[in-house]
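Take a look at the letters that make up each chain.
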There are 2 protein chains.
Amino acid sequence: MPKKEFENDSKTLEQLKHLGKKIKNQLDDPEEDDLTFDTQVRSRSNVEYDEKEGRLALGDSYSTRKFLNISHARKFMQTLMVASKTKELIESGRTAAIREVYYQLKHSVPGLDENTFEDQDESNNVVVDIETATGAIREDLHLFAEKKGSLFGPVVINDSGDEIDCMNMGTSGLAIPSIVDHYEFVECEADFILLVETSAMVNRLVEEDFHEEHNAILISAGGQPSRGVRRLVNIMHDRLDLPVYVFTDGDPWGYYIYSVLKSGSMSLAFQSDRLATPDAKLIGMTMEDIEEYGLEHVTEDLKGKPEGNGGPTKDYKRIHDVMDYEWMQNDQWQNQFQKMLDKGVRVEQQALAANSLEFVANTYLPEKIENKEFLN
Amino acid sequence: MPKKEFENDSKTLEQLKHLGKKIKNQLDDPEEDDLTFDTQVRSRSNVEYDEKEGRLALGDSYSTRKFLNISHARKFMQTLMVASKTKELIESGRTAAIREVYYQLKHSVPGLDENTFEDQDESNNVVVDIETATGAIREDLHLFAEKKGSLFGPVVINDSGDEIDCMNMGTSGLAIPSIVDHYEFVECEADFILLVETSAMVNRLVEEDFHEEHNAILISAGGQPSRGVRRLVNIMHDRLDLPVYVFTDGDPWGYYIYSVLKSGSMSLAFQSDRLATPDAKLIGMTMEDIEEYGLEHVTEDLKGKPEGNGGPTKDYKRIHDVMDYEWMQNDQWQNQFQKMLDKGVRVEQQALAANSLEFVANTYLPEKIENKEFLN
């Protein structure tokens, strides 16, 4: 495998070196009585919706961590160990799982009855510290997570020197890795990207040749899309200038999947510019589809109790949570949630099979695309 | 997509037709006062270990279901509906998710205030009834589940007319579908199959070029292997005559993954001949590896309480459960579990990173293979 070189490598290395120098200067300075680290606060209280950009971002709260006191000495040592290890990863052109980093750095401290790390929570927290202190993110530091999702469609991807024709993947598809920053798009004949909530629905569309007949790139999220899937949609939209349609269940969970893909998530608000795709549109399922496509007999009742009637609980609570988000305040979204509450039902994308197995590929999606019927 | 034709299609269609005819004969026979269905009991009480074959199988218990009484009429209708739908799937060369089948068949019954199916549990149970009554399994009936796992290595697979070179898949890999019976192996240069518990470990091996240097087919299970992954290992072993090595964590969960891949699972004992690979061997992690490779400082303490000391609970309980299985009774397995209990520790495959990132690819696995150090 050739060295993995990412676009941000030199920038990330500079940031890691800068961090090291700053610490060294503080140590060398006789006036300095502590080592400090300024970090942007990442809790929900500091997450803001940037309406102009259409995505979540961190606000202006900063906190300062100090290291030169005994209770912080352990954390300080750990921070330098992880920073040094990620620098080594970037320089050697390798990637590693955060679990491997933990095991690589776990050892006993000579002369002490103490380990460098006791469990992976410690090293994971330090990874977040370094992300915050350098402005680099996990993938920039060459650290990956579990993979999830698959891809089909008229695009040729160069992944680490191998050219993969994603139209030629049968019913199997390309497994989407956790890090996709090194992907190069060698050729692309696609007209749009369709991100789909379930892999079973992608299987249906592949079997009906939807990707071939409509020049579509199909990506299955397998539920909430992973960082790899979100990053992939972001860079494909950006580099290939393709519209992005999101196809989920008509329920608060499906709409939240759409919202995360489009605007980012609260826990990763500091990465929205690389993970979110504000131009994405929802192609369905909508509450109007239920009547439009005769799905009344295949809706499911919402679980839990409605507000004022012992609730809201379960599905009802989730609807209220999501409809209260600042970035869900436009009329069309409020309208969807209100209809869901009024009807007391949800509808799954696979309910379209009630009409026929090929209905979703031959009628539902083509009609929506032809009529530009999207929620934004 | 060309029609999906499976090896068993004509046999499965015969079985479905036979089922239909049997029911019709019973209905036509004035002497017959009920419709019956003989099914092999699938509960654990009827699961046996076939020592000669090295896999789990169902025993001789049968039960008879009767349909012509009012409480069973609904189930009877549902059974015929699902049987008819799967016949249609096979004839049209399509596959479907069991959720799609549910939605395809859910409708109100004319003249009655009743639906054919109220929830998917009803149709799922009927699918199992039909599997049992016909001897065909879910995949024979063209029904699929969610996909999981990925594959890399020197093999060219023809999937529905597309030829996929799995050595040319970068860091991404081939996504393994739920149904793989239609795979044709066009070319294969591999010397063995390595089934790996975590996708992160496969990522490591791919990055270190292990599959290229050792002519290995790498398959990531992503935890407990899916039916698709188990079937794929079974047919690759069978058709390509390749040894199968299983690489898991050194803990009761990892050893259970090995046991399911090798001998089958209790809930799918009736399918062991197609899902289990009795020739599979465990390459590691073993309890001996801890000393052999200097991993003492990266083991994890077992969770819970040992027997006689308020336990066994958690990990300790799981160890006792798995070591009590009939197919785990040979000395080497009892020895592994006993050592685990004595040391009170478990060890993860990624702990090998403590030596170096490339250690697993350059030292650990090659040494085990070279020395034929496997557990059987």
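Residues numbered from 1 in each chain as written. Chains lettered and ligands numbered in written order. Predicted model: local features only at pLDDT ≥ 70, side-chain atom pairs only at ≥ 80, totals over all residues. Heavy atoms only, no water.

1. Quick look at the overall build of chain A
Along the backbone of chain A there are 13 helices and 17 strands. C-alpha atoms of chain A, sized along the principal axes, occupy 75 × 55 × 40 Å. Residue pairs in contact within chain A that sit at least 24 positions apart in sequence constitute 71% of those at least 6 positions apart. Positive and negative charge centroids in chain A, built from 41 and 70 side chains respectively, lie 6 Å apart. (Helix = DSSP H or I, 4+ residues; strand = E, 2+ residues; numbered from the N terminus. Contact = heavy atoms within 4.5 Å. Lys, Arg positive; Asp, Glu negative; His and termini not counted. Charge placed at Lys NZ, Arg CZ, Asp CG, Glu CD.)

2. Here we look at helix α11 (residues 314-324) of chain B
Taken together, the buried positions of α11(B) are occupied by B:Asp315, B:Tyr316, B:Arg318, B:Ile319, B:His320, B:Val322 and B:Met323. Against α8 (252-263), α12 (331-343) and β17 (345-346) of chain B lie the buried residues of α11(B). (Buried < 20%, exposed > 50% of the residue type's maximum accessible area, 1.4 Å probe, protein only.)

3. Topic: the domain arrangement of chain A
All names here are of chain A. What the domain assignment reports for chain A is domain 1 (8-144) and domain 2 (149-371). Of the residues lining the interface, 18 residues belong to domain 1; the matching set on domain 2 comes to 19 residues. Of the roughly 1700 Å² buried between domain 1 and domain 2, counting both surfaces, carbon and sulfur atoms make up 65%. In this assembly, domain 1 and domain 2 are joined by two salt bridges. Here Arg274 ties to Glu139 by a salt bridge, and the two come within 3.6 Å at their closest N and O atoms. Our count for the domain 1 to domain 2 interface comes out at four residue pairs in polar contact (both at pLDDT 80 or more). If you list the elements that add at least two residues to the side of domain 1 that touches domain 2, you get β2 (47-50), β3 (55-58) and β6 (143-144). Among the elements that take part in the side of domain 1 that touches domain 2, β3 stands out by supplying four residues, more than any other. Broken down by class, the residue content of the side of domain 1 that touches domain 2 amounts to eight nonpolar, three polar and seven charged. (Domains from an automatic or database assignment. Buried area = accessible area lost by both parts, 1.4 Å probe. Salt bridge = Lys/Arg side-chain N within 4 Å of Asp/Glu carboxyl O. Polar contact = N/O pair within 3.5 Å; in protein donor to acceptor, adjacent residues only side chain to side chain. Nonpolar A, V, L, I, M, F, W, Y, C, P; charged D, E, K, R; others polar.)

4. Section: the sheet that holds strand β11 (residues 184-188) of chain B
Residues and elements named next belong to chain B. Taking strand neighbours across the sheet as the criterion, the three strands line up as β9-β8-β11 in an open arrangement whose pairing is antiparallel. What marks the edges here is a single partner per strand, and that holds for β9 (162-165) and β11. Between one strand axis and the next, the sheet turns through 20° on average, direction left out of account. Set on the sheet, helix α7 (residues 227-240) makes contact with β8 (155-159) and β11; between it and β11 the angle comes to about 55°. (Pairing = 2+ DSSP bridges. Axes fitted to C-alpha atoms, helices over the stretch in contact; angles between N-to-C directions.)

5. Things to note about the UniProt feature "domain: Topoisomerase 6 subunit A/Spo11 TOPRIM" (unreviewed entry) in chain A
In this numbering, the UniProt entry assigns the feature "domain: Topoisomerase 6 subunit A/Spo11 TOPRIM" (unreviewed entry) to residues 192-369 of chain A. For residues 192-369 of chain A, helix accounts for 47% and strand for 12%, while the C-alpha atoms at its two ends are 10 Å apart. (UniProt positions renumbered as here; feature names shortened; annotations may be inferred.)

6. Thoughts on a negative patch on the surface
All names here are of chain A. A cluster of acidic residues, Glu163, Asp165, Glu184, Glu187, Glu189 and Asp191, forms a negative patch on the protein surface. Going through the elements one at a time, β9 (162-165) and β11 (184-188) are the ones with two or more residues in the negative patch. Tracing the backbone through its elements, the reader meets Glu189 in the loop between β11 and β12 (192-196). In this structure Glu189 comes out as exposed when scored by relative accessible area, which is 56%. (Patch = residues over 30% accessible without salt bridge, like charges linked within 9 Å, V, L, I, M, F, W, Y side chains within 5 Å. Areas by Shrake-Rupley, 256 points an atom, 1.4 Å probe, with all protein chains shown as cover.)

7. Quick look at the sheet that holds β11(A)
Where strands meet in a sheet, backbone hydrogen bonds hold them as pairs that are either parallel or antiparallel. All names here are of chain A. Spatial ordering of the open sheet is given by β9-β8-β11, a layout of three strands whose pairing is antiparallel. Single-partner strands in this sheet number two, and they are β9 and β11. Averaged over all neighbouring strand pairs, the angle between strand axes comes to 20°, with direction disregarded. The sheet contact formed by strand β8 (residues 155-159) and β11 spans four bridges and is antiparallel. Following the sheet pairing, Val156 is matched in β11 by Glu187. Each of β8 and β11 touches helix α7 (residues 227-240); the most contacted strand, β11, lies at about 55° to it.

8. Considerations on the nonpolar core
With 219 residues, the main nonpolar core has A:Leu194, A:Ile219, A:Phe247, B:Leu194, B:Ile219 and B:Phe247 as its most contacted residues. Setting aside residues no more than four positions away along its own chain, B:Ile219 makes contact with B:Ser150, B:Leu151, B:Ile176, B:Ile193, B:Leu194, B:Leu195, B:Val196, B:Val202, B:Val229, B:Leu232, B:Val233 and B:Met236. (Core = buried A, V, L, I, M, F, W, Y, C linked by side-chain atoms within 4.5 Å.)

9. Points about the interface of chain B and chain A
Of the residues lining the interface, 57 residues belong to chain B; the matching set on chain A comes to 57 residues. For the pairing of chain B and chain A, the buried interface totals around 5000 Å² over both sides, and the portion due to carbon and sulfur atoms is 44%. It is B:Met1, B:Arg94 and B:Tyr103 in chain B that bury the most area against chain A; as a group they hold 14% of the surface buried on that side. Across the salt bridge formed by A:Arg99 and B:Glu348, the nearest N and O atoms sit 2.3 Å from each other. Here chain B and chain A share 42 residue pairs in polar contact (both at pLDDT 80 or more) between them. Those elements giving two or more residues to the side of chain B that touches chain A turn out to be β5 (96-97), α3 (98-105), β7 (150-152), β9, β10 (174-175) and α5 (199-207) of chain B. By residue number, the principal contributor to the side of chain B that touches chain A is α5(B), which donates six residues. Taken together, the residues that form the side of chain B that touches chain A break down as 22 nonpolar, 18 polar and 17 charged.

10. Describing the side chain of B:Glu131
Residues and elements named next belong to chain B. Mapped onto the secondary structure, Glu131 falls in helix α4 (residues 120-134). Residue classification places Glu131 among the buried positions, given a relative accessible area of 2%. Residues within four places of Glu131 in sequence aside, it is in contact with Arg42, Ala136, Ile137, Arg138, Leu141, Arg227, Phe270 and Gln271.

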